[in-house]
Amino acid sequence: MKQLGFSEFVYPGATHTRLSHVLGAMQMARRMLDVLQKNNAFGEVPDFEIQRSATLAAALLHDVGHGPYSHVFEEVCETLGIEKKHEAYTLEFIDSEQIRPLLERGGIFAETRRFFTEEPGQAVFNSIISSQLDCDRLDFLVRDRHHTGIRAANIDLAWLFDSLNIEKVAIDDDGAFEYSFVFSAKGQAVAEEFVLAYIKMYNSVYFHKTTRGVQHLVRDMLVEVINQHSERAELRSLPLVKFFKEDQSLDRYARLDDGSVLAIAHVVAEVDLGLASELARRFLNRDTYKCFELPGTATGNIGRNKLLRFRDALHNDSIYFVEDKLAHRNYKQHAVTDESFLKNILIKINGEHESLGSVSSLLKTPVTRVARFYFRTREDCERAQRIFHEL
């Protein structure tokens, strides 16, 4: 399974797999755990080696439940009324006879499983797996940048880990504390670099308009095939069709990969199944949905009233469209009085633990909203643009 799905339509080098990512995430988790030992922060914890091994196992397993072309697959499931999410399959894989005995042999089954059943909270081990600075983000930002060839969004990992410490951080005014990752003052620039890389990669790669156009087209193709043509002899035996039409068991789920989607596209493209075949041929010929990104207002946002009128006008003209709801990622700030304060990226300045968002001027720029509409043909897209400008 490719890590970046259809991003290779835009970035031809983006063909790396989820396997390479989870191996990298495990290595990032190991480097974060090395920070614990460098600080000797948990010398008094008797089960440190168990927690260390469980954390590494959780890093390796954190994406095991994703389906083929993960986000598209989950959108198809949602459209077809299948509520089971990849998180549920992750737990089933961990409980399976292939994985559970290995974890039990290492004495870390319960500890590893806990990462996927409990709220991440603020515990240091949990934050390595799920936080605003976790092993997942540290790997995919560096790895995805490398394979896409994006020149911006660089992160100096050597500087980052050299600046990272474990410290006792006060969580109330009565002296209670928890251990947390904290950047030294010299690490502010690299911490900012990390957050800005996260924002840049979402804007330039993960939410690229062409990639999103492919995703919407493939979703529509799969929904059309499953709803209208799944009983055809050439389709009903395909793994993805059997998953949707027969059962969503772990065994059937484990047989799916990106090739399961491509198999449907190739079969459907060779026959005449109306819209499904048209979309399959367009996918294979890289003829994606066409995008119209609405211009923003003077404040950088989208005028809500005009947006409502635009939707109504498209419906009235019987123009098929997909509206992309983009929430561009940014740094999430928690106030010092908030119980989630430790979920911030923390930096130590003049002896005090501060949230990066409170001390960095680079992270205080508000995120603007982006509204995109996708259309099946260039003619519909151009017509929609005329309608918008006439409103």
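Residues numbered from 1 in each chain as written. Predicted model: local features only at pLDDT ≥ 70, side-chain atom pairs only at ≥ 80, totals over all residues. Heavy atoms only, no water.

Student: So what's going on with the sheet that holds strand S2 (residues 177–183)? Residues and values would help.
Tutor: Judged by pairing direction, the sheet is mixed, and its 4 strands sit side by side in the order S1-S2-S5-S6 without closing on themselves. Only two strands of the sheet have a single partner each, and these edge strands are strand S1 (164–170) and strand S6 (352–355). Taking the axes of each pair of neighbouring strands and ignoring which way they run, one obtains an average angle of 55° across the sheet. In terms of strand pairing, strand S5 (residues 346–349) meets S6 through 4 bridges, oriented antiparallel. The partner of Ile347 across the bridge, within S6, is Glu354. Sheet strands in contact with helix H1 (residues 18–39) are S1 and S2, and its direction is about 70° off that of S1. (Pairing = 2+ DSSP bridges. Helix = DSSP H or I, 4+ residues; strand = E, 2+ residues; numbered from the N terminus. Axes fitted to C-alpha atoms, helices over the stretch in contact; angles between N-to-C directions. Contact = heavy atoms within 4.5 Å.)

Student: Quick rundown of the environment of Phe109? Include the residues and the values.
Tutor: Residue placement: Phe109 occurs in helix H6 (residues 109–114). C-alpha of Phe109 to C-alpha of Asp95: the two residues are 14 residues apart in sequence and 8.8 Å apart in space. Ignoring anything within four residues of it in the chain, the contact list for Phe109 reads Ile94, Asp95, Arg100, Leu103 and Glu104.

Student: Provide a residue-level description of the packing of aromatic side chains, including the pertinent values.
Tutor: Under the definition given, this model contains 21 aromatic pairs. Taking the centre distance of 6.3 Å and the plane angle of 85° together, the rings of Phe6 and Phe9 count as edge-to-face. With relative accessibility at 2%, the residue Phe6 sits in the buried group. On the numbers, 5.8 Å between centres and 45° between planes, the contact of Phe243 with Tyr253 is tilted. With Phe243 in helix H13 (residues 239–245) and Tyr253 in helix H14 (residues 250–254), this residue pair connects regions lying 10 residues apart in the sequence. You'll find Phe243 and Tyr253 in the same group, each marked buried. Put simply, the rings of Phe73, Tyr89, Phe93, Phe243, Phe244 and Tyr253 pair up and form one aromatic cluster. The ring of Phe115 carries the charged tip of Arg114 above its face, separated from the ring centre by 4.7 Å. (Phe/Tyr/Trp six-rings, centres within 6.5 Å; stacked < 30°, edge-to-face > 60°. Buried < 20%, exposed > 50% of the residue type's maximum accessible area, 1.4 Å probe, protein only. Lys NZ or Arg CZ within 6 Å of the ring centre and 35° of its normal.)

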